[in-house]
Amino acid sequence: MKTIFIVEDETGIRDALQLLLSFENYDVRSFSTVKAFNERDKSAVPDIFILDVMLPDGLGTDLCNQLKKEPETSDIPVVIISAHAKAENIINSCEADEFIPKPFDIDDVLMKIERLTN
C-alpha cells in the first residue's frame, strides 16, 4: 500500500482527499499546518506529498523546497494544490512535480498520483 502525506488547512478538502484516497487503497496521513507536518514521525516516509500553497503558518511552496533539499525526501514527488496560484508561478517558486488547481476533479488527482507513484 502506498502512502500519501497531505498538508491542507481546509478541513473539508483535507477530509475529502483523505476519504477518497483511502477508498483507492492509499495510506493517507494529513496535517493542517506546517508545524504539525514538521513535528510528524520522520521514520514514516510517504510515496508522495500533496501540499496546499496557502497554509496558516507558512507556504506549501516553501515546504516543497525544504522537502526537495533534504536527502531523505528529495526524490519523493510533490504535488501542489491551490485555488489562488497560477501553475507557472508555482513551477517557478518551487520544484513541485505537479500542480493541481482548486477546485479539482478527483479523477484528475488520482491519475496524477498514479502517474507519479508508479
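It should be noted that the structure appears before, not after, this text.
Nothing here was measured: the structure is a model prediction, and the numbers come from that model.

Thresholds, definitions, all that
Residues numbered from 1 in each chain as written. Predicted model: local features only at pLDDT ≥ 70, side-chain atom pairs only at ≥ 80, totals over all residues. Heavy atoms only, no water. Phe/Tyr/Trp six-rings, centres within 6.5 Å; stacked < 30°, edge-to-face > 60°. Helix = DSSP H or I, 4+ residues; strand = E, 2+ residues; numbered from the N terminus. Buried < 20%, exposed > 50% of the residue type's maximum accessible area, 1.4 Å probe, protein only. Lys NZ or Arg CZ within 6 Å of the ring centre and 35° of its normal. Axes fitted to C-alpha atoms, helices over the stretch in contact; angles between N-to-C directions. Parallel < 35°, antiparallel > 145°, perpendicular 65-115°, else oblique. Left-handed = near helix turned anticlockwise from the far one by under 90°. Contact = heavy atoms within 4.5 Å. Disulfide = S-S within 2.5 Å. Expected span 1.5 Å × (residues − 1). Arc of directions from axis to C-beta.

J.: Please set out the packing of aromatic side chains residue by residue, giving values where relevant.
T.: Two aromatic rings, taken as a pair, are described by how far apart their centres are and by the angle between their planes. Here the structure, examined in full by the defined rule, presents four aromatic pairs. Geometrically, the ring pair formed by F5 and F31 is edge-to-face, given 5.6 Å between the ring centres and 70° between the ring planes. Here F31 lies in strand β2 (residues 26-31) and F5 lies in strand β1 (residues 2-7), a separation of 26 residues in the sequence. Ring centres of F5 and F49 lie 6.0 Å apart, and the angle between their planes is 75°; on these two criteria the pair is classed as edge-to-face. Here F49 lies in strand β3 (residues 48-52) and F5 lies in strand β1, a separation of 44 residues in the sequence. Here F5 and F49 have matching classes, each one buried. A connected cluster of aromatic rings, assembled from ring pairs, spans F5, F31, F37 and F49. When the ring centre of F37 is taken as origin, the NZ or CZ atom of R40, which lies over that ring, is 4.0 Å away.

J.: So, the packing of helix α1 (residues 11-23) against helix α5 (residues 106-117): which residues are in play, and what are the values?
T.: Taken N-terminus to C-terminus, the directions of α1 and α5 make an angle of 60°; their axes are 12 Å apart at the nearest point. Looking at the two axes, α1 sits oblique to α5. Two packed elements cross with a definite hand, and for α1 against α5 that hand is right-handed. For the pair α1 and α5, the contacting residues are L17, L20 and L21 in the first and I106, V109, L110 and I113 in the second.

J.: So, the state of the cysteines: which residues are in play, and what are the values?
T.: Here the structure, examined in full by the defined rule, presents zero disulfides. C64 takes part in no disulfide bond, and the closest cysteine sulfur to it belongs to C94, at a distance of 3.5 Å. Using a relative accessible area of 0% as the deciding quantity, one classes C64 as buried. Residue classification places C94 among the buried residues on the basis of a relative accessible area of 6%.

J.: Now, about α5: what can you tell me, with residues and values included?
T.: In an α-helix, one turn spans 3.6 residues; hence positions three or four apart end up facing the same way. Over its 12 residues, α5 extends 16 Å from the first C-alpha to the last, a length consistent with the 16 Å expected when each residue adds 1.5 Å. When we look at burial in α5, the residues that qualify are V109, L110, K112, I113, L116 and T117. The buried side chains of α5 occupy one side of the element, clustering within an arc of 165° when seen end-on. Relative to its buried face, α5 has exposed residues pointing more than 90 degrees away, namely D107, M111 and R115. At its buried positions, α5 is contacted by β1, α1, β2, β3, β6 (78-82) and β7 (98-101).

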